[in-house]
Amino acid sequence: QVQLVQSGAEVKKPGASVKVSCKASGYRFTDYYMHWVRHAPGQGLEWMGRINAKTGVTGYSQDVQGRVTMTRDTSISTAYMDLSSLRSDDTAVYYCARGSDRYDAFDFWGQGTMVTVSS
Amino acid sequence: DIQMTQSPSSLSASVGDRVTITCRASQSVGIYLNWYQQKPGMAPTLLIYGTSILQGGVPSRFSGSGSGTDFTLTISSLQPEDFATYYCQQSVLTPTRTFGQGTRLEIK
């Protein structure tokens, strides 16, 4: 069965960087895009970007462009999201989600990683 | 960028009620419109993709309709497990995948 397992919670200071991992299993990793979505407290879902797991080509939201880098390691079926210059409003739960081949809907999600930015 | 606007932002309803949530796109998305359900402390789950196609395992009381800029999610008879927040999402614009702001469905 398809599973996306994310790394554990992080606490960071303003200005630092955080790297969240997402290990995929149960399907061919390189056949699908991996997206990253965040959910800040009291807010809605925010799409951050995606990576083509086969080619490594990325596309990012303008809201985080310049601070976010998405990469993948196909040898271990793992995607990564690196966010730099952290601010307090980056405090959120970060999710990876697989983009399906049906209207690119997100059919499987990771369990989420809480990132807290606090001095 | 395409903006997605849901209404209402919150809704109180009772078990057994019929509920409709609307989603409007700032420009046409064809039928590239998906719906998700999120319960507190949990990851979202896919309910409907391509406007009206139920994801496997989703009960038939959920349905979706629309095209272009106006879409609806309908729950025909609310069950206790349906109280959650619902999000629409467009998937026509590459690479951006915009979500609506969410509709919180609460028990009356």
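Residues numbered from 1 in each chain as written. Chains lettered and ligands numbered in written order. Predicted model: local features only at pLDDT ≥ 70, side-chain atom pairs only at ≥ 80, totals over all residues. Heavy atoms only, no water.

### Side note on the overall build of chain B
For clarity, the cut-off: Helix and strand labels come from DSSP, where a helix needs a run of H or I of at least four residues and a strand needs a run of E of at least two; each type is numbered from the N terminus. The cut-offs for exposure are 20% and 50% of the maximum accessible area for each residue type, with area from a 1.4 Å probe on protein chains only; residues under the lower value are buried, those over the upper are exposed, and the others partly exposed. In what follows, residue pairs with any heavy atoms lying within 4.5 Å of each other are defined as contacts. His is not counted here, nor are the chain ends, while Lys and Arg score as positive and Asp and Glu score as negative. Charge coordinates come from a single atom per side chain, which is NZ of Lys, CZ of Arg, CG of Asp or CD of Glu.
Of regular secondary structure, chain B possesses 0 helices and 10 strands. Helices and strands appear in chain B in the N-to-C order β-β-β-β-β-β-β-β-β-β. Along the three orthogonal principal directions, the C-alpha set of chain B runs to about 35 × 25 × 25 Å. Across the 108 residues of chain B, 48% fall into the buried class. Looking at chain B alone, contacts between residues at least 24 apart form 55% of all its contacts between residues at least 6 apart. Charge separation in chain B, taken as the distance between the mean sites of 7 positive and 6 negative side-chain charges, equals 1 Å.

### A short note on the nonpolar core
The test is simple: Side-chain atoms within 4.5 Å are what join buried Ala, Val, Leu, Ile, Met, Phe, Trp, Tyr and Cys residues into a set we call a nonpolar core.
Residues Met34(A), Trp36(A), Met48(A) and Met81(A) are the most contacted members of the largest nonpolar core, which totals 28 residues. For this core, the secondary structure elements donating two or more residues are β3 (18–25), β4 (33–39), β5 (45–52), β7 (68–73), β8 (78–83), β9 (92–99) and β11 (113–117) of chain A. With 4 residues, the top contributor of residues to this core is β3(A). Those residues in contact with Met48(A) that sit more than four places away from it in its chain are Trp36(A), Val37(A), Arg38(A), Tyr60(A), Ser61(A), Val64(A), Val68(A), Met70(A), Met81(A), Leu83(A) and Tyr94(A). By size, the runner-up hydrophobic cluster in this structure holds 23 residues, among which are Cys23(B), Phe71(B), Ala84(B) and Cys88(B).

### Things to note about unusual backbone geometry
All names here are of chain B. Between Ser7 and the following residue, Pro8, the backbone shows a cis peptide bond with an omega angle of -5°. With respect to the helices and strands, the residue Pro8 is situated in the loop between β1 (4–7) and β2 (10–13). Here Thr51, not a glycine, exhibits a phi torsion of approximately 75°, which is positive. Within the secondary structure, Thr51 is located in the loop between β5 (45–49) and β6 (53–54).

### Remarks on the interface of chain B and chain A
What counts here: Buried area counts how much accessible surface, traced with a 1.4 Å probe, disappears from two parts once they are put together, with both parts' losses summed. Basic side-chain nitrogens of Lys or Arg form a salt bridge, by our definition, when they fall within 4 Å of a carboxyl oxygen of Asp or Glu. Three categories are distinguished: nonpolar for Ala, Val, Leu, Ile, Met, Phe, Trp, Tyr, Cys and Pro, charged for Asp, Glu, Lys and Arg, and polar for the others, with Gly belonging to the last.
Between chain B and chain A, the contact holds 23 residues from the first and 20 residues from the second. The contact between chain B and chain A buries some 1,800 Å² in all, and 63% of this surface belongs to carbon and sulfur atoms. Summed over the shared surface of chain B and chain A, the number is 1 salt bridge. Residue Arg97(B) pairs with Asp104(A) through a salt bridge whose shortest N-O separation is 2.6 Å. Of all the elements in the fold, those that place two or more residues in the side of chain B that touches chain A are β4 (33–38), β5 and β9 (85–90) of chain B. Considering every element that reaches the side of chain B that touches chain A, the biggest residue donor is β4(B), with 3 residues. Across the side of chain B that touches chain A, the residue classes break down as 12 nonpolar, 9 polar and 2 charged.

### Side note on the pairing of β8(A)
Residues and elements named next belong to chain A. The following threshold applies: Being paired, for any two strands, means DSSP has found at least two bridges between them.
Burial analysis of β8 places 5 of its 6 residues in the buried class, the great majority of the element. As judged from the 6 bridges shared by β3 and β8, these two strands associate in the antiparallel manner. Residue pairing across strands places Val18 opposite Leu83, the latter belonging to β8. Of the pairings in the sheet, the one linking β7 to β8 comprises 6 bridges and is antiparallel in character. Considered in β8, the bridge of Met70 is made with Met81. Adjacent in sequence and paired antiparallel, β7 and β8 are bridged by 4 residues, among which Ser77 carries a positive phi angle near 50°.

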